[in-house]
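Breakdown of the fold
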Amino acid sequence: MDASAALRAKLDLPPISQIGIVVRDMGQAVAFYEGSLGLGPWTVYESTPDRYWFKGRPSHMRLRQGKAMLGGVELELVQPLEGESPFHEFAAEHGEGLHHIAFNTEDFDGMVRKFQDAGFQPLLLAEAYVPTYQGTVRACHFDTRAIGGVIFEVVWKSWLLKR
């Protein structure tokens, strides 16, 4: 079994739920994806996590996020606005482009532990109430770029829980 297959077996990843792209201008990006790919409708909003840690220490960030469905996968556009985050670093180092792949889970803490047991430490850990969806989201980014060129994100969304 190669290293990628071994990691997948260890993490027991659910299906991909989101593809995240860092953008510099949300309006231009939404117009591009609507015009060129016919994606939409878009939900665009600003967010600031209620609780947020970056590289293990309390911090602050504010983002503009745009979301639309691409088949069964959410396409998330992220425009960093202020503070510090993996999004800000990515924009400064690379400009716009593919930033992360996310996996929704009902067992957030358990999935975070699986990543930590596999040797990955949280790059970003955030929790926020999202008025747009009338629920809470918890997110944790892991720097998996060395093995796959992209960050993996574990996400728990209260509005997706089975009722």
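Please refer to the structure placed before this passage.
Residues numbered from 1 in each chain as written. Predicted model: local features only at pLDDT ≥ 70, side-chain atom pairs only at ≥ 80, totals over all residues. Heavy atoms only, no water.

**Regarding the side chain of Thr105**
Within the fold, Thr105 resides in the loop between β7 (97-104) and α4 (108-117). The buried category is assigned to Thr105, whose relative accessible area is 15%. Engagement of the side chain of Thr105 in a polar contact is seen with the backbone nitrogen of Asp107, the distance being 3.0 Å. If near-sequence neighbours (up to four positions away) are discounted, Thr105 is found in contact with Met111, Val154, Val155 and Trp156. (Helix = DSSP H or I, 4+ residues; strand = E, 2+ residues; numbered from the N terminus. Buried < 20%, exposed > 50% of the residue type's maximum accessible area, 1.4 Å probe, protein only. Polar contact = N/O pair within 3.5 Å; in protein donor to acceptor, adjacent residues only side chain to side chain. Contact = heavy atoms within 4.5 Å.)

**Digging into unusual backbone geometry**
Peptide bonds are, in most cases, trans, and in most cases residues other than glycine have a negative phi. Here the bond from Gly40 into Pro41 is cis, since omega is 5°, no more than 30 degrees from zero. Phi is positive for Asp12, close to 50°, though the residue is something other than glycine. Structurally, the position occupied by Asp12 is in the loop between α1 (3-11) and β1 (18-22). A residue is classified by how much of its surface remains accessible, and Asp12, at 51% relative accessible area, is exposed. Unlike most non-glycine residues, Gln134 shows phi in positive territory, near 50°.

**Things to note about the pairing of β7**
The buried fraction of β7 is high, at six of eight residues. Two elements, β1 and β7, share five bridges in a ladder whose sense is antiparallel. Paired with Gln18 across the bridge in β7 is Ala102. Here β7 pairs with strand β10 (residues 151-157) via five bridges, running parallel. Counterpart to Phe103 in the pairing with β10 is Val154. (Pairing = 2+ DSSP bridges.)

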